[in-house]
Amino acid sequence: MTDVLNRLKQNNPEEKEFYQAVDKMLVSIKPAIENNPQYELQGIIERLTEPERTIIFQVPWMDDQGQVHVNRGYRVEMNSAIGPYKGGIRFHPSVSLSIFKSLAFEQVFKNALTMLPIGGGRGGSDFEPKGKSDNEVMRFCRSFMAELAHHIGPDIDVPDGGLGVGTREIGYLFGAYKKQRKEFSGVLTGKGLGWGGSPVRMEAAGYGIVYFTVEMLAARNQTIEGKTCLISGSGNVAQHTAEKIIELGGKVLTLSDSSGYVFDEEGIGASKLAFVKRLKNMKRGRISEYVDKYSEAVFTPVDYTSKYNPIWNHKADCAFPCAMENEINAVDADHLMKNGVQLVCEGADMPSVPEAIDIFIDNKVLYAPSKAANAGGVAVSCIEMAQNRMLLSWSPEEVDTRLSVIMKNIHQKCLDTASEFGHPGNYLMGANIAGFLRVVDAMLDQGVG
Ligand code: NDP
């Protein structure tokens, strides 16, 4: 395994996010691969860590003043052993090939955990939608899809929304695909409800995170009612995590964005959350505006390059990082422990650095890795694909029931697998090994070349 990682580093210098994801995975699947020479003979780890296809392309677009800009577009098609590539598109200035490879690698195992027929991929661009007009976002999306359309399709690769890519962006991308390919198909998920979207897709990642949390707490004979919760982010995942926690009687203390966070000791209840949704989704405003309306709350600006993030330094029972990867470092993890946090459920993809995860596991807190906890988003995306194929639309209740059953099953699978491999209660090992085994079994069945 050390050889594989060294080769990976040699062949892909500078891809530190990707090594981090692979390294983390290799450590926890060790019990499943040792004693299995077949995996080495079949080059399983090498095949899993080399994308099946990577597309990098130019995205030129014109701003409202007539100035032309050029961004870079990516799609990493990582593994299709169990179905067409599936995974979100991200528009954010911080992206790189390394980040997309790490996200796509994680996505392969996350998708496997849902037990649905979907492979893994990720992509996007270093374009920043924040501060752009609707017309600028539309021109960018149409240019992005002009190239991406050559590589995707309902049976090939079905991208979804993601960070910086909501229903508005998916609408523009879908319009461009339809015009170019002359087909109305389920090629993207996260679509508007009136034109092929699924009920509960918007809510799915956040609701699923809370369904998973409820299961973890139940395994310790606890409920979420009355629990105080720190949530980072105020986008799609954070909003719907907060919504479900509030519905189930938990108390949400914080929300954040890229400028800082609000702490509301009285709790961010349903009507305050409705304000946040209007602020972030319609006005595209800043979370700092929350305190203009609710003066009992405090806004703290955050410098995300500093040694720790103060949002994780408050007394609470549970923490839900729902903004970005690597947003909890070892100092933040120590702060969470010191403040009595008993459960960390990852809403964003890979938000905790490896040292922080070690701290959670050493302290025996309930720790849910993102590949299990936020799999509800991709699960309902797959349910959207199924409805598109059948030309049907299921009711919100039906989709929500399917989502909660899927999350319950993922939780059980993680627990059972962790016990089977000698690490009872370790959700990280359970999720990694269960996802890995499903993908590898399919790869072995399908042969090489
Ligand atoms: P959104 O774009 O809706 O929200 C992202 C949030 O993160 C915003 O509040 C944003 O603030 C904040 N943010 C952006 N950059 C930073 C930064 N540097 N530091 C702190 N906060 C920042 O994205 P989603 O909610 O959809 O996605 C959040 C995470 O969840 C991502 O990791 C995504 O990959 C993952 N995810 C999403 C799923 C989905 O279905 N949407 C499914 C599974 C995972 P601002 O408003 O200032 O930009």
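Look up: the structure comes first, before these words.
Residues numbered from 1 in each chain as written. Predicted model: local features only at pLDDT ≥ 70, side-chain atom pairs only at ≥ 80, totals over all residues. Heavy atoms only, no water.

## A closer look at helix H17 (residues 427-446)
1) Next: Across its 20 residues, H17 extends 29 Å between first and last C-alpha, which sits within 8% of the 28 Å expected from 1.5 Å per residue.
2) Next: Along H17, 14 of the 20 residues are buried, which leaves the element largely enclosed by surrounding structure.
3) Next: Where H17 begins, the side chain of Asn426 points an oxygen toward the backbone nitrogen of Leu428, at a separation of 3.0 Å.
4) Next: At the C-terminal side of H17, Gly447 shows a positive phi close to 75°. (Helix = DSSP H or I, 4+ residues; strand = E, 2+ residues; numbered from the N terminus. Expected span 1.5 Å × (residues − 1). Buried < 20%, exposed > 50% of the residue type's maximum accessible area, 1.4 Å probe, protein only. Polar contact = N/O pair within 3.5 Å; in protein donor to acceptor, adjacent residues only side chain to side chain.)

## Re the packing of helix H5 (residues 97-113) against H17
1) Next: Axis separation between H5 and H17 bottoms out at 8 Å; the angle between their running directions is 85°. Judged by the angle between their axes, H5 and H17 are roughly perpendicular. From H5, Val108, Phe109, Asn111, Ala112 and Leu113 reach across to H17, where they touch Ala431, Ala434, Gly435, Phe436, Arg438 and Val439.
2) Next: When its residues are assigned to classes, the contact of H5 with H17 shows eight nonpolar, two polar and one charged. (Axes fitted to C-alpha atoms, helices over the stretch in contact; angles between N-to-C directions. Parallel < 35°, antiparallel > 145°, perpendicular 65-115°, else oblique. Contact = heavy atoms within 4.5 Å. Nonpolar A, V, L, I, M, F, W, Y, C, P; charged D, E, K, R; others polar.)

## Some thoughts on a nonpolar patch on the surface
1) Next: Taken together, the side chains of Met62, Val68 and Val70 present a nonpolar region at the surface, about 260 Å² in accessible area.
2) Next: Take Met62: it is sitting in strand S1 (residues 53-62). (Patch = residues over 30% accessible without salt bridge, like charges linked within 9 Å, V, L, I, M, F, W, Y side chains within 5 Å. Areas by Shrake-Rupley, 256 points an atom, 1.4 Å probe, with all protein chains shown as cover. Salt bridge = Lys/Arg side-chain N within 4 Å of Asp/Glu carboxyl O.)

## Regarding the nonpolar core
1) Next: With 60 residues, the main nonpolar core has Phe212, Ile231, Leu255, Phe320 and Ile410 as its most contacted residues.
2) Next: Here the element with the most residues in this core is helix H8 (residues 201-219); it accounts for nine residues.
3) Next: Among the domains, domain 1 (2-183) and domain 2 (202-368) are the pair contributing at least three residues each to this core.
4) Next: Listed in part, the 37 residues of the second largest apolar core include Met78, Ile82, Val95 and Val108. (Core = buried A, V, L, I, M, F, W, Y, C linked by side-chain atoms within 4.5 Å. Domains from an automatic or database assignment.)

## Focus on the packing of aromatic side chains
1) Next: Taken as a whole and assessed by the stated rule, the structure comprises 20 aromatic pairs.
2) Next: Ring centres of Phe91 and Phe140 lie 5.1 Å apart, and the angle between their planes is 90°; on these two criteria the pair is classed as edge-to-face. Taken together, the residues Phe91 in strand S3 (residues 85-91) and Phe140 in helix H6 (residues 134-148) connect sequence positions 49 residues apart. The residues Phe91 and Phe140 share a single accessibility class, namely buried.
3) Next: Among the aromatic residues, ring-to-ring pairing joins Phe57, Trp61, Phe91, Phe127, Phe140 and Phe144 into one connected group. (Phe/Tyr/Trp six-rings, centres within 6.5 Å; stacked < 30°, edge-to-face > 60°.)

## Some remarks on the sheet that holds strand S10 (residues 298-301)
1) Next: With antiparallel pairing, three strands are arranged side by side in an open sheet as S8-S9-S10. Bordering the open sheet on either side are strand S8 (254-257) and S10, each of which pairs with just one other strand. Pairwise comparison of adjacent strand axes, ignoring direction, gives a mean angle of 20° for this sheet.
2) Next: Alignment of strand S9 (residues 260-263) against S10, held across four bridges, turns out to be antiparallel. Pairing of Tyr261 across the sheet is with Thr300, part of S10. (Pairing = 2+ DSSP bridges.)

## Points about the pattern of salt bridges
1) Next: With the rule as written, the count across this model stands at 24 salt bridges.
2) Next: Between Glu15 and Lys101 there is a salt bridge, with the nearest N and O atoms lying 2.8 Å from each other. Taken together, the residues span a long stretch of sequence, with Glu15 in the loop between helix H1 (2-11) and helix H2 (16-33) and Lys101 in helix H5 at a distance of 86 residues. Neither Glu15 nor Lys101 differs from the other in exposure class; each is buried.
3) Next: Residue Lys277 pairs with Glu243 through a salt bridge whose shortest N-O separation is 2.3 Å. With Lys277 in helix H10 (residues 270-282) and Glu243 in helix H9 (residues 236-247), this pair connects stretches of sequence that are 34 residues apart.
4) Next: The partly exposed category is assigned to Lys277, whose relative accessible area is 21%.
5) Next: Among the ionic contacts, a cluster of salt bridges with common partners joins Lys110, Arg122 and Asp349.

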